[in-house]
Amino acid sequence: MRTQHQHFEVRTKGKGTYEITDELQTAIDKSGLRNGVITVFVQHTSCSLTLMENAAPAARRDVERFFDKLVPENADYEHEDEGPDDMPSHIRMVLTRTSETIPVVDGKMELGTWQGVFLFEHRRDPHRRKILVTLIGE
Amino acid sequence: MRTQHQHFEVRTKGKGTYEITDELQTAIDKSGLRNGVITVFVQHTSCSLTLMENAAPAARRDVERFFDKLVPENADYEHEDEGPDDMPSHIRMVLTRTSETIPVVDGKMELGTWQGVFLFEHRRDPHRRKILVTLIGE
Amino acid sequence: MRTQHQHFEVRTKGKGTYEITDELQTAIDKSGLRNGVITVFVQHTSCSLTLMENAAPAARRDVERFFDKLVPENADYEHEDEGPDDMPSHIRMVLTRTSETIPVVDGKMELGTWQGVFLFEHRRDPHRRKILVTLIGE
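Residues numbered from 1 in each chain as written. Chains lettered and ligands numbered in written order. Predicted model: local features only at pLDDT ≥ 70, side-chain atom pairs only at ≥ 80, totals over all residues. Heavy atoms only, no water.

J.: Just give me the short version of the interface of chain B and chain A, but keep the residues and values in it.
T.: Each partner contributes to the interface: chain B provides 30 residues, whereas chain A provides 35 residues. When chain B packs against chain A, the two sides together hide about 2,500 Å² of surface, and 65% of this comes from carbon and sulfur. In terms of surface lost to chain A, no three residues of chain B exceed Phe41(B), Glu78(B) and Val94(B), which account for 23% of the buried area on that side. Along the contact surface separating chain B from chain A lie 2 salt bridges. The salt bridge partner of Arg65(A) is Glu78(B), with a shortest N-O separation of 2.5 Å. (Contact = heavy atoms within 4.5 Å. Buried area = accessible area lost by both parts, 1.4 Å probe. Salt bridge = Lys/Arg side-chain N within 4 Å of Asp/Glu carboxyl O.)

J.: A description of the sheet that holds strand β7 (residues 115–121) of chain B should follow, citing residues and the corresponding values.
T.: Residues and elements named next belong to chain B. Across the sheet, 3 strands lie side by side as β2-β7-β4; this open sheet has antiparallel pairing. Each edge of the sheet is formed by a strand with only one pairing partner; in this case those strands are β2 (16–19) and β4 (47–53). Going from strand to strand, the sheet's axes swing by 40° on average, the running direction of each strand aside. For β4 and β7, the ladder comprises 7 bridges, and the chain directions are antiparallel. Within β7, the position partnered with cysteine 47 by the bridge is glutamate 121. Each of β2, β4 and β7 is contacted by helix α2 (residues 57–70), which is oriented at about 140° to β4, the strand it contacts most. (Pairing = 2+ DSSP bridges. Helix = DSSP H or I, 4+ residues; strand = E, 2+ residues; numbered from the N terminus. Axes fitted to C-alpha atoms, helices over the stretch in contact; angles between N-to-C directions.)

Take a look at the structure:
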């Protein structure tokens with residue numbers, strides 16, 4: 001049993017979901033991990049993680065529209081230091097996830113057929129987002 | 001320290017919460033794990049996981065009604081390939097959890113008095129849902 | 001590689017977010033863990049966990065107001081054995097998190113610059129909340 005950390009960055013171009021499944025598999029391949037878990041952690045409070053349907057882009061657009069409606073900009077927030085998408089980004093992060101732990105079996109993430117892992121960007125401007133993965137197992 | 005994976009299936013009969021606490025404890029018993037964690041992962045994008053009050057069925061019905069209202073069917077979704085409960089199921093999954101990590105102490109999950117672990121089914125039709133658990137520890 | 005559990009309590013004084021970042025770091029220091037993960041688990045169904053912006057208290061107040069509006073008291077819940085904040089507390093817990101897994105690198109949690117870990121209390125009355133942390137690594 002051993003533990004290893006790896007970092008990578010995701011460049012985002014505004015609000016939306018960005019698939020990182022391949023980057024996670026690359027981290028597993030590099031580490032040589034065969035059996036255990038990969039923990040994914042996003043080091044930010046204005047973007048988050050989610051697993052999602054990765055076959056139908058329309059499903060992802062519906063998720064994004066749902067969040068735009070549930071957590072609207074310009075809703076009389078007290079905190080808006082960085083513009084109208086600042087506070088909604090923190091709320092959307094709280095409603096989704098910061099860490100996920102995914103089983104690794106025989107060197108592969110054991111995802112369902114249509115499951116992908118996504119960075120969910122909640123800011124309008126382009127950002128470089130830091131993802132830290134921890135590989136635990138043998 | 002070692003790591004072990006186990007699978008099991010949950011047969012669901014429509015939208016609702018299905019307790020899997022006993023199945024998780026059985027997996028721990030089988031593995032012989034005494035101290036560590038059990039990671040629970042659901043290999044689907046139209047059902048999810050949550051911990052919940054397991055004593056009061058009325059509390060679970062209120063949770064289910066809340067989600068039916070927050071994420072209604074027939075809300076002009078772009079994606080509805082599999083019917084009116086298709087897109088809401090993905091959104092409800094994003095709002096809840098795909099993985100949970102629960103401490104195991106002396107061979108038992110260290111849950112609070114009223115805590116149970118539930119599969120949250122978001123589709124109307126019966127499904128067989130695959131749960132993958134990873135046991136890490138000694 | 002080894003695994004260690006530690007408990008601590010948080011005394012809450014009504015609805016709101018209570019930072020526990022320092023308590024988690026203290027647990028890591030006590031354990032001697034240098035590289036691995038800390039899993040945080042809250043043993044309750046009426047409070048939860050979230051990571052959040054820890055610099056701007058206004059941002060936390062906006063999050064709290066958002067949840068008060070999204071999950072109102074007195075909304076015709078079937079379950080209200082313990083008062084009007086009983087059922088909303090369970091729903092707010094389902095919408096946030098029960099477990100989080102955070103990477104530990106060189107003896108420190110690898111949080112982003114503005115990231116803090118918070119207990120999110122959903123009940124009006126003071127409570128003693130039990131947090132169980134599991135440290136895995138070397």
